[in-house]
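Residue-level structure breakdown
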Amino acid sequence: PEALYESAMRHVEVCNRNDFEDIVISVKHSDPYMMIQAYRKVAEETDYPLHLGVTESGTLDTGTVKSSIGIGSLLADGIGDTIRVSLAADPVEEVKVGHRILKSLGIGRPGVNIIACPTCGRLVGDLFTVVEEVEEAVAEQDFDKNLDVALMGCAVNGPGEAEGADLGVSLGRGRAHFFKHGEVVDTIPEDEIVDTVLEAIENWDEEDEAGGDGGPEDKEEADAVETTGVTKPDLPTS
Ligand code: SF4
C-alpha cells in the first residue's frame, strides 16, 4: 500500500510542478486489501478526488466479490468519488455490479431495492424464479422509483420482512400475501406474483414514497394464506 501511495504522490508532484491541479487519483490494485489500505492512506494525506477500483478482479463471480469488498469498504467509509468495476465479462455486467454496489450503500439514486430471503426448509414455493424474474424486469425497465421490495419464501417468517418493506410478498402454498406499506392488501396466486409486483412498482407514486396507507378496503378482502406443512420449528427461520 505504501508503494502505491508513494507512486501516486510522485505523479501528483509532477503535475503540481507544472501548475496542473485538475487531478483525480487512482491507486487500483488486484488485491482488495492492498487497494483499501492504499486509498485510505491517500485519503488521509490529500484532498484530491479519488477514483476507486479493483483491477483484474476476475470473472463475474469472483470479480463481483472482490470489487464489492474493495470499492464497498472505501465508499462505506466516505472515501471515493468515482468507481469502475473491472470484470473479465461483458462490460454491461460491470455497470450492473457497480450500480448494485452503490445501491447497497444507498448512494446515488436508490431505485428499486430487491430484498429476498435466503430460503430454508420452510420455503413453500418457487421463490428463486420469482426473485430472478422480478430482478430481471426491474433491471430492464429501469424504473425511476425509490422503494424496497421484499420477496419472502414462507408465511411463517416472511411477513415480518415483507411488512418492513414498501412492497412485500410472503409465499404460502400456491398463493402469497401481497403487502403494501406494511399491510396485507391482497392474496394472489403464485403465478401472478411477478406481474403484481411489477404493476405495483409501476404505479408507485410520490405519495407512496412519502408513506401512504395500505388500503384498508383491500386488506379486508385478503384471505389467509395456507401454512400447513410448515411444521419444523427447529429449522433455521430466516
Ligand atoms: S423462514 Fe425465513 S428464510 Fe425460511 S423461507 Fe421463511 S422467510 Fe425464507
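First things first, this report covers the structure right here in the doc. All of these numbers come straight from a predicted model, not from anything done at the bench.

1. Topic: the sheet that holds strand β3 (residues 112–116)
In spatial order, the strands read β3-β4-β5-β6-β7; together these five strands make up an open sheet with mixed pairing. Of all the strands in the sheet, the pair left with one neighbour each is β3 and β7 (183–189). Here the strands of the sheet are splayed against their neighbours by 20° on average, with no regard to which way each runs. Both strand β4 (residues 147–152) and strand β5 (residues 167–171) contribute to a ladder of four bridges, which runs parallel. Its bridge partner being in β5, Ala-150 is matched across the sheet by Gly-168.

2. Describing the nonpolar core
Grouped together as the largest cluster of nonpolar side chains are 35 residues, with contacts concentrated most on Val-149, Leu-151, Val-197 and Ile-201. Counting only elements with at least two residues in this core, the list comes to β3, α5 (127–141), β4, β5, β6 (175–180), β7 and α7 (193–203). If we skip the residues at most four places from it in the chain, Ile-201 touches Val-112, Val-138, Phe-143, Lys-145, Leu-147, Val-149 and Leu-167. Counting residues in each nonpolar core, the second largest holds 24 residues, with Ala-8, Tyr-39, Val-85 and Leu-87 among its members.

3. Focus: a negative patch on the surface
Residues Asp-126, Glu-132, Glu-133, Glu-135, Glu-136, Glu-140, Asp-186, Asp-191, Glu-192, Asp-195, Glu-199 and Glu-202 make up a contiguous surface patch of negative charge. Elements represented by at least two residues in the negative patch include exactly α5 and α7. Among the elements that take part in the negative patch, α5 stands out by supplying five residues, more than any other. If you trace the backbone, Glu-133 turns up in helix α5. On the basis of relative accessible area, Glu-133 is assigned to the partly exposed category, the value being 41%.

4. Description of the packing of aromatic side chains
Within the structure shown, the criterion is met by zero aromatic pairs. Here the guanidinium or amino end of Lys-41 rests over the ring plane of Tyr-5, the centre of that ring lying 5.0 Å away.

5. Notes on the layout of surface pockets
Put simply, the largest pocket is a space of about 490 Å³. The wall of the largest pocket is formed by 16 residues, among which His-99, Arg-100, Lys-103, Val-138 and Ala-139 lie closest to the centre. Counting residues per element, the ones that place at least two in the lining of the largest pocket are α4 (91–104), β3 and α5. No other element matches the six residues that α4 contributes to the lining of the largest pocket. When residues of the lining of the largest pocket are sorted by domain, at least three fall in each of domain 1 (1–107) and domain 2 (109–238).

Conventions and cut-offs
- Residues numbered from 1 in each chain as written.
- Predicted model: local features only at pLDDT ≥ 70, side-chain atom pairs only at ≥ 80, totals over all residues.
- Heavy atoms only, no water.
- Pairing = 2+ DSSP bridges.
- Helix = DSSP H or I, 4+ residues; strand = E, 2+ residues; numbered from the N terminus.
- Axes fitted to C-alpha atoms, helices over the stretch in contact; angles between N-to-C directions.
- Core = buried A, V, L, I, M, F, W, Y, C linked by side-chain atoms within 4.5 Å.
- Buried < 20%, exposed > 50% of the residue type's maximum accessible area, 1.4 Å probe, protein only.
- Contact = heavy atoms within 4.5 Å.
- Patch = residues over 30% accessible without salt bridge, like charges linked within 9 Å, V, L, I, M, F, W, Y side chains within 5 Å.
- Areas by Shrake-Rupley, 256 points an atom, 1.4 Å probe, with all protein chains shown as cover.
- Salt bridge = Lys/Arg side-chain N within 4 Å of Asp/Glu carboxyl O.
- Lys, Arg positive; Asp, Glu negative; His and termini not counted.
- Charge placed at Lys NZ, Arg CZ, Asp CG, Glu CD.
- Phe/Tyr/Trp six-rings, centres within 6.5 Å; stacked < 30°, edge-to-face > 60°.
- Lys NZ or Arg CZ within 6 Å of the ring centre and 35° of its normal.
- 1 Å grid on protein atoms, 1.4 Å probe; cavity = no way out; pocket = protein on both sides within 12 Å on 5 of 7 lines; lining within 4 Å.
- Points joined across faces, edges and corners; volume = space filled by probe spheres on them.
- Domains from an automatic or database assignment.

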